[in-house]
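# Fold and contact review
Here's the letter readout for the chains.
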Amino acid sequence: MRILAIETSCDETAAAVVEDGTRVLSDVVASQIDIHRRYGGIVPEVASRQHVLSILPVYEEALHKAGVDIDAIDRVAVTHGPGLAGSLLVGVNFAKALALSHGFPLYGVNHMEAHVYANWLAFPAKRDDTSRFPALCLIVSGGHTEMHLMTGHGQYRLLGRTRDDAAGEAFDKAARLLELGYPGGPVVQRAAATATGRFPLPRAWLQGTYDFSFSGLKTALWHLVHRGELAGNPGVIANAAASFQDAVVDVLVRKAVTAAEELNATCIIVSGGVAANSALRGRLAEESRVPVMIPALALCTDNAAMVAACAYFAGFDRPPDGPDLDVAPALNLC
């Protein structure tokens, strides 16, 4: 089964062709990072207009790199939420037009669930292989930080989520406070790599829950900056970046490892843009008693191959969506 997938939930325009859920024939991503960097963050209207310009060339390149024409496609899948409404509309309408004009079944995909299935691209398994269930799923991205117990394909139980900022959003805000640039995750990680000391920043443990909170940590960093303790000194700024990164990673790792042990998970599955953070990857590998699955860096950030994998594994037996498929900017996983 060949699935053509479209992803436009935020600021990447992506298209991919994936065979049988795991064999990536093509995966094309047009990034808007350079466009939004000048603003220090994503401007929704700018993002949606750029998707309009990029979607057709990205789709054509995906077919070309896959070495197939449109008639070789069996299904069309598209992210319909969560995400920026204007951005989602571009991808959903493009996918609906393709499906309608060629008679393809159309499948709307949850963006957060697609991130989970990036791990089936990185660690292929057949649909009937249930050996990795139940899995502890930690989803950490720019807009979401949440944990689920995954008991089967498309089956989740929400354990906890952030009560305020997502981890990726917190990294972006920290980078802005420290004047390191955008996007926040990579620049904070680079600065932290040169640190020689640490500041005592807080951790919000929220005892008795699997929830997260990063707002207080962000406020503590704000006070550190505005007390003048960093004074534009690159070495001290690096220490602050490392302290912030440590505080985020400590909570993510402790919560995930504890939940996996208490719920007898067979593995920990990590996904989303923040999963690219080397400190998070290293700490989870060191502290988890069960295998930790984290995809390659290119599959952590938004892409369309993960959308196709999700449509194959989680949507294999469900009926397709009709032409009335709409965007759902606040769509939850469960």
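Now for a description of the structure that goes with this document. Only a predicted model underlies this, so the values are computations on that prediction, with no experimental measurement involved.

Rules used in this analysis
Residues numbered from 1 in each chain as written. Predicted model: local features only at pLDDT ≥ 70, side-chain atom pairs only at ≥ 80, totals over all residues. Heavy atoms only, no water. Pairing = 2+ DSSP bridges. Helix = DSSP H or I, 4+ residues; strand = E, 2+ residues; numbered from the N terminus. Contact = heavy atoms within 4.5 Å. Axes fitted to C-alpha atoms, helices over the stretch in contact; angles between N-to-C directions. Buried < 20%, exposed > 50% of the residue type's maximum accessible area, 1.4 Å probe, protein only. Right-handed = clockwise from strand over helix to strand, strands pointing away. Salt bridge = Lys/Arg side-chain N within 4 Å of Asp/Glu carboxyl O.

### Comments concerning the sheet that holds strand β10 (residues 292-293)
- Taken in spatial order, the five strands line up as β8-β7-β6-β9-β10 in an open sheet, and their pairing is mixed. The open sheet is flanked by β8 (155-161) and β10, the only strands paired with a single partner.
- Examined bridge by bridge, strand β9 (residues 267-271) and β10 share two bridges and lie parallel to one another. Note that in β10 the partner of Ile-268 across the bridge is Val-292.
- Packed on one face of the sheet, helix α4 (residues 111-122) meets β6 (135-140), β7 (145-152), β8, β9 and β10 and runs near 120° to β9.

### Quick notes on the pairing of strand β4 (residues 75-81)
- By the criterion of burial, β4 is predominantly enclosed, with seven of the seven residues buried.
- Inspection of the sheet shows β4 paired to strand β5 (residues 106-110) by five bridges, in the parallel sense. Across the sheet, Ala-77 pairs through a bridge with Tyr-107, a residue of β5.
- Between the parallel pair β4 and β5, the chain is carried across by helix α3 (residues 85-102), and the sense of this crossover is right-handed.

### Considering unusual backbone geometry
- The residue after Gly-81, namely Pro-82, is reached through a cis peptide bond having omega -10°.
- In this structure, Pro-82 sits in the loop between β4 and α3.
- Not every positive phi belongs to a glycine, and Asp-20 is a case in point at roughly 55°.
- Tracing the backbone shows Asp-20 in the loop between β2 (12-19) and β3 (23-31).

### Side note on the pattern of salt bridges
- Enumeration according to the criterion identifies 17 salt bridges in this entry.
- With a shortest N-O distance of 2.6 Å, Arg-227 and Glu-229 are connected by a salt bridge.
- Residue Arg-283 pairs with Glu-287 through a salt bridge whose shortest N-O separation is 2.6 Å. Taken together, the residues span about one helical turn, with Arg-283 and Glu-287 both in helix α9 (residues 278-287) at a distance of four residues.

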